Structures are given as structure tokens and as C-alpha cells.
Amino acid sequence: MKLKYYLRGAGIGIIVSTFIFSIAFAFYKPTLSDEEIMKEATKLGMVSKSEDSDASSKDIKTQENNKNQTKDDDGSQSKNGDKSSEEEAEGTEVITFSVNSGDTSSVVAGHLKEMGLVDDADAFDKFLSEQDLDNLILPGEYTIPKDSSFLDIATILTSKKK
């Protein structure tokens, strides 16, 4: 037999098998159950809306008691969170800040720097990562006092609004 007949047969076979597999995979839709989706999301560090973020607020308050001051990369100390809420409410400027759904901690830190709430966006992002709060930031509108410490801002951004 001639070579061209073998090549023609192989070409037709490839085309037919491609056509069959295209049809088969066009109708194939892999489905995950809600439970499987929630497991994958939890594994990736996502937080569902139904979870109560009071636990993260308690963790932050515990960390606040354990750490009175945080240090930036250059060794300078950031503002201390020792002011009472009465002092904050009286004479400080309050800035409205919004977090969009899907914003990463580095994006939020950059926006906070633009608004003048933090001096160093990278240091704030590193602080969030070290405290394991970078994946707990909730979208929404927040009012943040101008002279807030890193911990105060993190507490505000990771707590559910009432």
C-alpha cells in the first residue's frame, strides 16, 4: 500500500476522535457540592458571611493585651493603642474608609496610606500578615480615627459592623 493512504487514514482518525471528544466534553459539567466548595474556600483562608467574626475580634483584643507596642521594619515604634474610646471620640479627626469586596491586604494598606491613616503601607501589610489578619478584612464602609494604631485599624477592618 502507498504511504498516502496510511496518512489519510491517520488524519481522518484524528479528526473523528477530536470531534467525538469535543462533543463529549461540551456536555460535561463538573459539579461540586456546597460542602466541597466550603471546604476548598476554608482551605484557601476565605471566611464565609455566616461565620461570626466575634472570634477574630477576641483574638485581636488578646493580642492587644499581649503586645503593647508594635515595631516597624526600621525599628521605629508605631502608635500605641492605649487611648480610651472616650478620648478618641472627643478631639480626633475621623475618616470614612471603604473596602471593596476582593481587595487584598496590600491594596487596603495602599488606600490607607493614600488617606493618611498609616505612614507605611508595607509595614501595615506586614503587620496584618504577622497577626494572621490579612485574610480577615471585611468589605464595607468604616469610620477610622486619624490617629489610630495598626492594631486599632486592623480591629476595625476585621470586625463585623453592627
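Note that the structure is a prediction, hence the values are computed from the model and not measured.

### Points about the overall build of the protein
Secondary structure summary: the protein contains seven helices and two strands in total. Taken from N to C terminus, the helices and strands of the protein fall in the order α-α-α-α-β-α-α-β-α. Sorting the 162 residues of the protein into buried and exposed places 25% on the buried side. Considering only contacts within the protein whose residues lie at least 6 apart along the sequence, 63% involve residues at least 24 apart. Counting every atom, the protein has about 11,700 Å² of accessible surface; 55% of that belongs to carbon and sulfur.

### Structural notes on the packing of helix α6 (residues 121-130) against helix α7 (residues 150-158)
Following both chains from N to C, one finds α6 and α7 inclined at 65 degrees, their axes separated by 11 Å at the closest point. Crossing angle aside, the handedness with which α6 passes α7 is right-handed. Between α6 and α7, the residues in contact are A123, F124, F127 and L128 and F150, L151, I153 and A154, respectively. Among the residues forming the contact of α6 with α7, the class breakdown is eight nonpolar, no polar and no charged.

### Some remarks on the pattern of salt bridges
The tally for this structure, following the rule as stated, stands at two salt bridges. Note that K39 is salt-bridged to E35, the shortest N-O span being 3.6 Å. Here K39 and its partner E35 are both found in helix α2 (residues 34-43), four residues apart, which amounts to about one turn of the helix. Summarising the burial analysis for this pair, K39 and E35 share the class exposed. E130 is paired through a salt bridge with K126; the nearest N and O atoms lie 3.9 Å apart. Of this pair, E130 and K126 both sit in helix α6, separated by four residues, roughly a single helical turn. Looking at K126, the relative accessible area reads 39%, which means it is partly exposed.

### Thoughts on a nonpolar patch on the surface
There is a patch of nonpolar side chains on the surface, built from I12, V16, F19, I20, I23 and F27 and spanning about 650 Å² of accessible area. Along the polypeptide, F19 turns up in helix α1 (residues 3-26). Judged by its relative accessible area of 55%, F19 falls in the exposed class.

### Digging into the confidence of the model for the protein
One rule of thumb: low pLDDT means the predicted coordinates there are not for detailed reading. For the protein, mean pLDDT is 75; residues scoring 70 or higher make up 70% of the total. Throughout residues 52-58 the model reports pLDDT below 50, and contacts reaching past four residues in sequence, or to other chains, amount to nine contacts.

### Describing the environment of L128
Position of L128 among the secondary structure elements: in helix α6. Judged by relative accessible area, which is 1%, L128 ranks as buried. Measuring from C-alpha to C-alpha, the distance between L128 and S106 comes to 9.3 Å, with 22 residues separating the pair along the chain. Residues in contact with L128, not counting those within four places in the same chain, are S105, L133, D134, I137 and A154.

### Notes on α7
The element α7 is extensively covered by neighbouring structure, given that eight of its nine residues are classed as buried. Regarding α7, the residues found buried are F150, L151, D152, I153, A154, T155, L157 and T158.

### Digging into unusual backbone geometry
Phi is positive for D132, which is not a glycine, with a value near 55 degrees. Mapped onto the elements, D132 comes out in the loop between α6 and β2 (140-145).

### Remarks on α2
Of all ten residues in α2, one are buried; the element is thus mostly exposed. Among the residues trailing α2, G45 stands out with phi positive, at a value near 90 degrees.

Thresholds applied
Residues numbered from 1 in each chain as written. Predicted model: local features only at pLDDT ≥ 70, side-chain atom pairs only at ≥ 80, totals over all residues. Heavy atoms only, no water. Helix = DSSP H or I, 4+ residues; strand = E, 2+ residues; numbered from the N terminus. Buried < 20%, exposed > 50% of the residue type's maximum accessible area, 1.4 Å probe, protein only. Contact = heavy atoms within 4.5 Å. Areas by Shrake-Rupley, 256 points an atom, 1.4 Å probe, with all protein chains shown as cover. Axes fitted to C-alpha atoms, helices over the stretch in contact; angles between N-to-C directions. Left-handed = near helix turned anticlockwise from the far one by under 90°. Nonpolar A, V, L, I, M, F, W, Y, C, P; charged D, E, K, R; others polar. Salt bridge = Lys/Arg side-chain N within 4 Å of Asp/Glu carboxyl O. Patch = residues over 30% accessible without salt bridge, like charges linked within 9 Å, V, L, I, M, F, W, Y side chains within 5 Å. pLDDT = per-residue confidence, 0-100.

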